[in-house]
Structure formats: structure tokens, C-alpha cells
Amino acid sequence: MRTAPIGAPDPVIQLTTLLRVENLSFRYIDTEKWAVEKFDLEIEEGTITVLAGQSGCGKSTLLRCMNGLIPHMYPGEYLGGITMDGLRVDKTQMGEIAQKVGLLFQNPENQIFMFSVERDIAFGLENLGLPREEIRKRVDEVLRLLGITHLALRAPHELSDGQKQRVALAGVIAMRPRLIILDEPTSLLDPQTASELVALVRTLNKNLGITFVIVEHRLELLTPIADRIVVMDRGRKVMEGKPADVLTDPRAAGYGIAVPPISKLYTDLTKDGLPLGTVPNTPLELAEEVNGR
């Protein structure tokens with residue numbers, strides 16, 4: 001039902017902050033260098049945020065802070081803090097944080113280790129002490145959701161890298177977290193399987209409203225689905241904004257991120273005087289923009 005007069009601007013959607021990083025600094029034991037320093041960030045519910053930056057800039061440390069591994073499992077000097085869904089991460093038990101924040105590791109073999117796929121998915125739920133009927137229900141749900149029901153009784157070591165990634169993600173989703181963190185999820189995947197994983201992330205975000213924070217070097221895969229890119233350098237946030245705006249900013253390449261070819265081409269065309277308007281995220285969008293001129 002229309003609630004505004006015809007021709008009036010679309011109403012502004014107010015997003016709810018799910019996770020807030022406030023003046024966060026952390027350095028590991030026996031090191032003088034801050035891995036993350038004076039970092040501020042807000043993650044809105046239902047969005048996809050990409051963390052970019054060259055290796056060693058602090059991305060992985062920030063992820064560990066978000067899901068509580070720091071400071072609970074990695075000791076060091078911790079200043080500032082992170083609030084997730086109203087809870088201070090550093091002051092909340094890991095078991096409680098795990099129900100709100102899920103983490104998919106770069107290598108899925110680090111989190112699938114049971115003798116069958118369905119047992120792997122059920123592992124985290126069993127640790128929560130959920131009733132057997134609820135565990136069965138959730139396992140069946142995520143098997144269908146990720147299209148891996150046919151793999152339920154297979155041993156994880158028999159699966160392809162792409163299938164292992166889906167199984168690991170299924171185990172995370174079964175916990176029903178509000179935020180899922182992906183640490184370079186496509187690094188071990190071929191281009192086709194990587195594209196399928198990105199499409200799955202988009203579906204989970206749009207259909208289930210799951211919020212994602214993703215560390216990824218292959219930005220051309222994520223630019224079309226990301227709401228925002230945050231660029232890190234030496235533990236600090238140095239750029240933040242919509243993907244198209246960040247990746248066409250001349251400063252981006254200077255921070256060691258791989259600017260996608262489509263963004264480079266757009267920048268070159270505008271430098272040559274072609275009056276393009278909307279910054280494209282895909283080759284099709286660029287072609288439509290050029291043809292429209």
C-alpha cells in the first residue's frame with residue numbers, strides 16, 4: 001500500500017545498528033605494534049560489508065574481535081570495545097556470542113571434522129544442549145536451504161572444496177546467528193564455484209536477512225552484492241563507502257587492494273572525457289551506461 005503521495009521521494013529506510021566497534025585497539029602479547037588501532041565501525045542489520053586491504057593490515061584480527069576470539073582466546077592489550085546486539089563482546093561468554101555471530105574460516109576443513117555431513121552440521125547445536133528434535137529440524141532445514149541434502153550421509157573428506165564450503169556454512173547457519181563473518185571464503189575455490197558461493201550469500205542476505213561481514217581479495221566477485229566496502233591499512237580504517245565510490249577513488253590502489261578491472265575502466269573512460277553517470281558494478285552495467293550516452 002502506498003503511504004506517500006505519487007511522485008514524492010521514497011521514504012528513507014532507517015537501518016538498525018547490529019554491531020558497533022568503538023575506538024578499538026588491540027595488540028598481541030610480546031608485540032609493540034597495534035594490530036588494530038583506534039578503529040570505529042558500525043554494521044547495520046541486513047547489510048553486506050566487505051573488509052579490504054593488503055595482507056597484514058589487521059583484517060583477521062578485527063574479525064577475531066567481532067566474534068569474541070579476541071580477547072577470550074587470544075590474550076593481549078585490548079582497548080575500546082565492540083557491542084553486538086546489545087552485548088559487550090569482551091564481557092560476554094563465547095557460547096552466547098557464538099549464537100549471535102558465526103564465523104566461516106578461510107579453509108573449511110578447519111571446521112568440518114565429523115564422520116558425516118549431517119553430524120558436522122549438528123555438532124554446534126549439540127554443544128548448545130538443544131533437544132534432539134530441534135537439532136534434527138535445523139539440520140534438515142539447512143541441508144535443504146543450501147541444496148546439499150544429497151550429501152547428508154557423505155564423509156566430509158569425500159567432498160569437493162565447494163561442497164566443503166557449503167557444509168561449513170550450513171553448520172554456521174544452523175546456529176541461527178544474526179551476523180555471519182566470512183574470512184576469504186573464495187580463496188580455495190575455482191571461479192565458477194566462487195561465483196556460486198557469492199550468489200548463495202546474496203540469497204541468504206535477501207531472503208533471510210542475515211548480515212554479512214566478508215574479508216575478500218577478489219573484490220570483483222563481491223562488488224555487485226556489497227552494500228559497503230571498508231578499507232584497512234596498518235590496523236586503521238582509511239576508507240569507507242559504497243563499493244562503486246571506493247573503488248573508483250584514486251587512493252584505493254595505494255592501499256594495496258586489487259581494484260576490479262571494471263572500476264579501472266570506468267575511471268579511465270571518465271578521465272578521457274566520456275560523461276558517464278552512475279558508477280557501474282558489473283560489465284553489463286558499464287555497457288548500458290556507455291550505450292546510453
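Structural data are supplied above this passage.
Residues numbered from 1 in each chain as written. Predicted model: local features only at pLDDT ≥ 70, side-chain atom pairs only at ≥ 80, totals over all residues. Heavy atoms only, no water.

### Focus on the layout of surface pockets
Here comes step 1: Volume-wise, the largest pocket comes out at about 670 Å³.
Here comes step 2: In terms of lining residues, the largest pocket is bounded by 24 residues, among which A98, L103, Q111, G124 and M175 are the most central.
Here comes step 3: If you list the elements that add at least two residues to the lining of the largest pocket, you get α3 (94-98), β6 (101-104), α4 (117-127) and α6 (161-174).
Here comes step 4: For the lining of the largest pocket, the leading source of residues is α4, giving five residues.
Here comes step 5: Residues of the lining of the largest pocket, tallied by class, amount to 15 nonpolar, eight polar and one charged. (1 Å grid on protein atoms, 1.4 Å probe; cavity = no way out; pocket = protein on both sides within 12 Å on 5 of 7 lines; lining within 4 Å. Points joined across faces, edges and corners; volume = space filled by probe spheres on them. Helix = DSSP H or I, 4+ residues; strand = E, 2+ residues; numbered from the N terminus. Nonpolar A, V, L, I, M, F, W, Y, C, P; charged D, E, K, R; others polar.)

### Quick look at the sheet that holds strand β2 (residues 36-44)
Here comes step 1: Strand order in the open sheet formed by four strands is β2-β1-β4-β5, and the pairing between neighbours is antiparallel. Among the strands making up the open sheet, the edge pair consists of β2 and β5 (87-88).
Here comes step 2: Sheet topology places strand β4 (residues 76-84) next to β5; two bridges connect them, and they run antiparallel. Considered in β5, the bridge of T83 is made with R88.
Here comes step 3: Relative to the sheet, helix α1 (residues 59-66) contacts β1 (17-28), β2 and β4, its axis offset from that of β1 by approximately 120 degrees. (Pairing = 2+ DSSP bridges. Contact = heavy atoms within 4.5 Å. Axes fitted to C-alpha atoms, helices over the stretch in contact; angles between N-to-C directions.)

### Some words on the environment of R202
Here comes step 1: Topologically, R202 is positioned in helix α7 (residues 191-208).
Here comes step 2: Residues R202 and F212, spaced ten residues apart in sequence, show a C-alpha to C-alpha distance of 9.5 Å.
Here comes step 3: Setting aside chain neighbours within four positions, we find R202 in contact with P224 and I225.

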